[in-house]
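Listed here are the chains, written in short residue letters.
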Amino acid sequence: MDTAFTLLAGSSRRLVAELRDALDSCAERQRQLERSLRVSRRLLRAWEPAETLAPEPTPGPETNEEAPSAACIPSPQDLKELELLTQALEKAVRVRKGISKAGEGNKAPSLKSGSIATSPATRASYPPSTSHRAGSRASETKPPRGILQTRVPTKDLPERRLLSVGDQACMGQGAGATKPKSGLRNEQIVLSAASQAPEAFTLKDKGILLQLPEAFRKAASRNSRLWAQLSSTQTSDSVDAATTAKTQFLQKMQTTSGWPGPRLSATEVEAEVRHLQKACLLLRLRMGEELTADPKDWMQEYRCLLTLEELQAIVGQCLHRLRELCTVVEQQLGPWPEGRFPRASLPCGGGADPIWSPQLLLYSSTQELQTLAALRLRVAMLHQQIHLEKVLMAELLPLVSKQEPLGPPWLALCRAVHSLLCEGGQRFLTILREDKPAD
Amino acid sequence: MGRRRRRRRVDPADAARALPEAIAALSQTLPAGPSPETFRRAKFDRPEAAPALWRLLFRVLSPQLADGASASFSPEAQVRSVKLALRTQGYPRRALAQLPDDGSQGGRELLLALAWLLARGPLPERLLTQNRVQLGDEMPVCECEALASPGPPAPSVEADGCVDIRHLQWLMGKLRFRWRNLMASQQEQCALLGKIHSYTRGCHSDRSLGHLSVTETELLRDPEGGRQLLRRLERENARLQAALEWRRRELVFWRWMVGGRGPQWSAARTALREAVGQDLAALRQACERGGGCSLAQPHGPHRLVRTEAGAPGGPGLRAPEVIEALRSQEARLEVVLRQLQGQCRQELARLVGAPPGPVWILPPGR
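Residues numbered from 1 in each chain as written. Chains lettered and ligands numbered in written order. Predicted model: local features only at pLDDT ≥ 70, side-chain atom pairs only at ≥ 80, totals over all residues. Heavy atoms only, no water.

- Under an unreviewed UniProt entry, the name given to chain A is Tubulin epsilon and delta complex protein 2 isoform X1, and the organism recorded is Tursiops truncatus.

1. Examining the overall build of chain B
Turning to step 1, where the next piece is worked out: Looking only at helices and strands, one finds 12 helices and 4 strands in chain B.
Turning to step 2, where the next piece is worked out: Per-residue burial over chain B gives 46% buried out of 366 residues.
Turning to step 3, where the next piece is worked out: Pairs at least 24 residues apart make up 66% of the contacts formed inside chain B by residues separated by at least 6 positions.
Turning to step 4, where the next piece is worked out: Just so you have it, chain B exposes about 18100 Å², and 54% of that area is on carbon and sulfur atoms. (Helix = DSSP H or I, 4+ residues; strand = E, 2+ residues; numbered from the N terminus. Buried < 20%, exposed > 50% of the residue type's maximum accessible area, 1.4 Å probe, protein only. Contact = heavy atoms within 4.5 Å. Areas by Shrake-Rupley, 256 points an atom, 1.4 Å probe, with all protein chains shown as cover.)

2. Topic: the overall build of chain A
Turning to step 1, where the next piece is worked out: A tally of helices and strands in chain A yields 14 helices and 2 strands.
Turning to step 2, where the next piece is worked out: The long-range fraction of contacts in chain A, counting pairs at least 24 apart against all pairs at least 6 apart in sequence, stands at 78%.

3. Some words on the nonpolar core
Turning to step 1, where the next piece is worked out: Counting 87 residues, the largest nonpolar core has Leu203, Phe216, Leu396 and Leu421 of chain A as its most contacted members.
Turning to step 2, where the next piece is worked out: Looking at which element gives the most residues to this core, the answer is helix H13 (residues 366-402) of chain A, with 18 residues.
Turning to step 3, where the next piece is worked out: Of all hydrophobic cores here, the second largest spans 47 residues; its members include Leu26, Phe58, Val60 and Leu251 of chain B. (Core = buried A, V, L, I, M, F, W, Y, C linked by side-chain atoms within 4.5 Å.)

4. Some details on the environment of Cys326 of chain A
All names here are of chain A.
Turning to step 1, where the next piece is worked out: Within the secondary structure, Cys326 sits in helix H12 (residues 298-331).
Turning to step 2, where the next piece is worked out: Accessibility expressed as a relative area gives 43% for Cys326, which makes it partly exposed.
Turning to step 3, where the next piece is worked out: Along the chain, Cys326 and Val269 lie 57 residues apart, while their C-alpha atoms are 9.1 Å from each other.

5. What about the state of the cysteines?
Turning to step 1, where the next piece is worked out: Evaluated as defined, the whole model comprises 0 disulfides over all chains.
Turning to step 2, where the next piece is worked out: Left without a disulfide partner, Cys414 of chain A is nearest to the cysteine sulfur of Cys422 of chain A, which lies 11 Å away.
Turning to step 3, where the next piece is worked out: Under the relative-accessibility criterion, Cys414 of chain A is labelled buried at 0%.
Turning to step 4, where the next piece is worked out: Cysteine Cys422 of chain A is unpaired, with the sulfur of Cys344 of chain B as its nearest cysteine sulfur at 5.2 Å.
Turning to step 5, where the next piece is worked out: Since its relative accessible area comes to 1%, Cys422 of chain A is described here as buried. (Disulfide = S-S within 2.5 Å.)

6. Quick notes on the pattern of salt bridges
Turning to step 1, where the next piece is worked out: The tally for this structure, following the rule as stated, stands at 35 salt bridges over all chains.
Turning to step 2, where the next piece is worked out: The shortest N-O distance in the salt bridge between Arg378 of chain A and Glu330 of chain B comes to 2.8 Å. In this pair, Arg378 of chain A is assigned in helix H13 and Glu330 of chain B in helix H12 (residues 319-352), connecting two distinct chains.
Turning to step 3, where the next piece is worked out: Taking the relative accessible area as the measure of exposure, Arg378 of chain A reaches 23% and is therefore partly exposed. (Salt bridge = Lys/Arg side-chain N within 4 Å of Asp/Glu carboxyl O.)

7. Comments concerning the sheet that holds strand S1 (residues 360-363) of chain A
Turning to step 1, where the next piece is worked out: Read across the sheet, 4 strands follow the order S1(B)-S2(B)-S1(A)-S3(B) without closing on themselves; strand pairing throughout is mixed. Edge positions in the sheet fall to strand S1 (138-140) and strand S3 (317-318) of chain B, since each of these pairs with one other strand and no more.
Turning to step 2, where the next piece is worked out: In this structure, S1 of chain B lies alongside strand S2 (residues 301-306) of chain B, joined through 3 bridges in antiparallel fashion. Pairing of Met139 of chain B across the sheet is with His302 of chain B, part of S2 of chain B. (Pairing = 2+ DSSP bridges.)

8. With respect to the packing of helix H14 (residues 408-422) of chain A against helix H8 (residues 165-199) of chain B
Turning to step 1, where the next piece is worked out: Taken N-terminus to C-terminus, the directions of H14 of chain A and H8 of chain B make an angle of 20°; their axes are 10 Å apart at the nearest point. Classified by the interaxial angle, the pair formed by H14 of chain A and H8 of chain B is roughly parallel. The element H14 of chain A and its partner H8 of chain B pack so that their crossing is left-handed. Along the contact surface, H14 of chain A presents Leu413, Ala416, Val417, Ser419 and Leu420 of chain A, while H8 of chain B presents Ile165, Leu168, Gln169 and Met172 of chain B.
Turning to step 2, where the next piece is worked out: Taken together, the residues that form the contact of H14 of chain A with H8 of chain B break down as 7 nonpolar, 2 polar and no charged. (Axes fitted to C-alpha atoms, helices over the stretch in contact; angles between N-to-C directions. Parallel < 35°, antiparallel > 145°, perpendicular 65-115°, else oblique. Left-handed = near helix turned anticlockwise from the far one by under 90°. Nonpolar A, V, L, I, M, F, W, Y, C, P; charged D, E, K, R; others polar.)

9. Quick word on unusual backbone geometry
Residues and elements named next belong to chain B.
Turning to step 1, where the next piece is worked out: The phi torsion at Ala32 lies on the positive side, around 60°, for a residue other than glycine.
Turning to step 2, where the next piece is worked out: Locating Ala32 in the fold gives a position in the loop between helix H2 (12-29) and helix H3 (36-43).
Turning to step 3, where the next piece is worked out: Exposure remark for Ala32: the relative accessible area of 42% places this residue in the partly exposed category.
Turning to step 4, where the next piece is worked out: Despite not being glycine, Asp45 has its phi angle at roughly 60°, a positive value.
Turning to step 5, where the next piece is worked out: Classification of Asp45 as partly exposed rests on a relative accessible area of 41%.

10. Quick look at the packing of aromatic side chains
Turning to step 1, where the next piece is worked out: This model, assessed by the stated rule, comprises 7 aromatic pairs over all chains.
Turning to step 2, where the next piece is worked out: A ring pair is formed by Tyr91 of chain B and Trp116 of chain B, whose centres lie 5.2 Å apart and whose planes are at 85°; its orientation type is edge-to-face. Of this pair, Tyr91 of chain B sits in the loop between helix H5 (75-89) and helix H6 (107-120) while Trp116 of chain B sits in helix H6, placing them 25 residues apart in sequence. Residue Tyr91 of chain B shares its accessibility class with Trp116 of chain B, and that shared class is buried.
Turning to step 3, where the next piece is worked out: In textbook terms, an aromatic cluster arises when at least three aromatic residues are bridged by ring pairs, as seen for Phe249 of chain A together with Trp246, Phe253, Trp254 and Trp256 of chain B.
Turning to step 4, where the next piece is worked out: Its guanidinium or amino end placed over the ring of Trp256 of chain B, Lys43 of chain B lies 4.9 Å from that ring's centre, counting from NZ or CZ. (Phe/Tyr/Trp six-rings, centres within 6.5 Å; stacked < 30°, edge-to-face > 60°. Lys NZ or Arg CZ within 6 Å of the ring centre and 35° of its normal.)

11. A word on the pairing of S2 of chain B
Turning to step 1, where the next piece is worked out: Of all 6 residues in S2 of chain B, 5 are buried; the element is thus mostly enclosed.
Turning to step 2, where the next piece is worked out: Bridge count between S1 of chain A and S2 of chain B: 4 bridges; the pairing is parallel. Within S2 of chain B, the residue paired with Leu362 of chain A across the bridge is Val305 of chain B.

12. What to know about a nonpolar patch on the surface
Residue and element names in this part refer to chain A.
Turning to step 1, where the next piece is worked out: Together, Trp298, Met299, Tyr302, Leu305 and Leu306 make up an exposed nonpolar region whose accessible area comes to about 590 Å².
Turning to step 2, where the next piece is worked out: Tracing the sequence through the fold places Leu306 in helix H12.
Turning to step 3, where the next piece is worked out: We classify Leu306 as partly exposed; its relative accessible area is 40%. (Patch = residues over 30% accessible without salt bridge, like charges linked within 9 Å, V, L, I, M, F, W, Y side chains within 5 Å.)

13. Some points on helix H9 (residues 214-221) of chain B
Turning to step 1, where the next piece is worked out: Within H9 of chain B, 7 of the 8 residues are buried, which leaves the element mostly enclosed by the surrounding structure.
Turning to step 2, where the next piece is worked out: If you check which residues of H9 of chain B are buried, you get Val214, Glu216, Thr217, Glu218, Leu219, Leu220 and Arg221 of chain B.

14. Observations concerning the packing of helix H11 (residues 266-292) of chain A against H12 of chain B
Turning to step 1, where the next piece is worked out: In contact at an axis separation of 10 Å, H11 of chain A and H12 of chain B are set at 80° when each is read in the N-to-C sense. For the element pair H11 of chain A / H12 of chain B, the angle class is roughly perpendicular. Residues Leu281, Arg284, Leu285 and Gly288 of chain A of H11 of chain A form the contact with H12 of chain B, whose own contacting residues are Arg332, Leu333, Val335, Val336, Gln339, Leu340 and Gln343 of chain B.

15. Regarding the pairing of S1 of chain A
The side chains of a regular strand alternate, first on one face of the sheet and then on the other.
Turning to step 1, where the next piece is worked out: Burial along S1 of chain A is two-sided: the face carrying Leu360 and Leu362 of chain A and the face carrying Leu361 and Tyr363 of chain A are both buried.
Turning to step 2, where the next piece is worked out: As paired elements, S1 of chain A and S3 of chain B share 2 bridges and run parallel to each other. Within S3 of chain B, the residue paired with Leu362 of chain A across the bridge is Arg318 of chain B.

Dropping the structure here:
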């Protein structure tokens, strides 16, 4: 019984290799996804302080007015001033709250409970040299929430936030920006030193206050601009001249090669086979459409027939090309280079080499995004399933047809093969066999 | 237009500078690019130029390696890898394969190889695209990479003997399980992305983006990582700039490589055009008859941007459109899979034979 289940060595190798390949590519996707998940989950938790105070690079050309280095250590007088300031802020908030509650309703749904002004463990996140750890450390105080609430509308936000001054990695948080910058900075430094129990920063509560550092913004917009430029420099006089020179160079290379005539490279063969695979899929679909169509009159039926004939001709051409490629591989290329060569570039959509340029995909709800991602995975999975189906068909059907006797082992094999080929290995059929009646 | 033509009459001093400047741009845009002087030495086949060029070709032909990873390959391994890669891509000259493996010779041949790679396609741009810094949360809108590779997969170590078909069934089950996991993880990631995007809306200086991406938020959470990201970005900007420079100046490089026009060049050019045209015609035919070529669809990774419901939004693809396209793709693929399975069912039924053979009871749920 067992021997019926075993496959020939050659088939085994190929089938196992293909399935392992499929498993590996799945595993690779999973790994990448896990990596992204780790990062995202961490961002949505409370942000931890960095372990050590990283020594900060000197601030950029736009330094702040105060001497940065000395600003860390608060004096007792500063502390006192800080207390006064804090109390003033608290009062302001109470007043504002009263007003806003009366009039405005919920203007800032994102600013939920909790104090905004506390910075997370920012001690380390912020360089001690630059200063806008906005009124942050006074965790107990009622934050100027009211102030912020009324200014949440997007266009106002940039002014509300204290800009990072020259330092690259500093995080900006907004707070009572009504105070003049320099004055507040002093107090903020003091605040951070004096704070006892910093409230953690969560993206949910305070994400809206974030601002990207200046240096980064500049580099990012320059980056975007350069990519757009690069992908658009396609046509001009000098480009044509260069193309001509390149063609000429390639021709010269060919004639000095020492081989007669142009040869196909392994990469080109691979690419052509991929094209043929795609064509095969399209042809199969079209054929399916024609076969399931319901012609109403003889004219439609005739048209259907013509289409099928045409498809047959194209299939013939594709097969012919495939045979040619086989010959090329056997005769010219010698033994196939071992292992998988890295796909140098997979032209997306079969067009010319695409140069990346910034493009956007807009979505409006989480569900929409999930649907999109799920469909993408589904399409990828279907591609894989179709490929595996073809491989299984090629290896298993001959196996079934070769074995003649209709005994139980063969039936068991048939059942297994049926399950793999027709049910994706998920379901099994039942075989009823009539026993010979005892005489 | 007129201005460009006037510029063609350059004075000799400019001409002398033009080549080194072009090569400098090339060298700056490629990873591990050697100096223009090394290029010049290579053209005269000076031995000291060879190692640098082997290293350059290795980096160029193995872009998937991380920046520091090439150091773990010995010079011999790099040489062999370069030879294999060039042979795979169809490098036409035999001389390269005959160069010694220790990497001590071959400057001139390597320069030819580099030029050959450059002539066949936009190499600097392709390299930059493959290793670019991703600032946004990206999602490809096509599944081009999903098409299973037709090449022979790497032979697995243990599949020497015969295999039980039940092992195959087990592997299929394992595969199904992995896909389910993948689906679940993907859904979770989308949910998290949705949250991060909405919690940071209004924070981005670029209004068309509106909110921050994971990378951008991460750089705010982790300033050290942020600094590294910034450095990578700046390096990429320098290389992008150099690529643009190279595009402007490369003509003088090609004139240097070719060294004078031959009489056959126009014939070669027409022949090439014709061959390409023929190749594409067959494919186009297949595509057109098939009813819907994938060329029409958008491709490549797109940055995700969350918009407020009802807001018109700026330029960019809309998710519902992509969903529509994917749904029809899914439907088409399902049809193909069912067709194949149906074919198998028919074939197996035929092989088993008509009654009075055994009766096959198909599983429920059809």
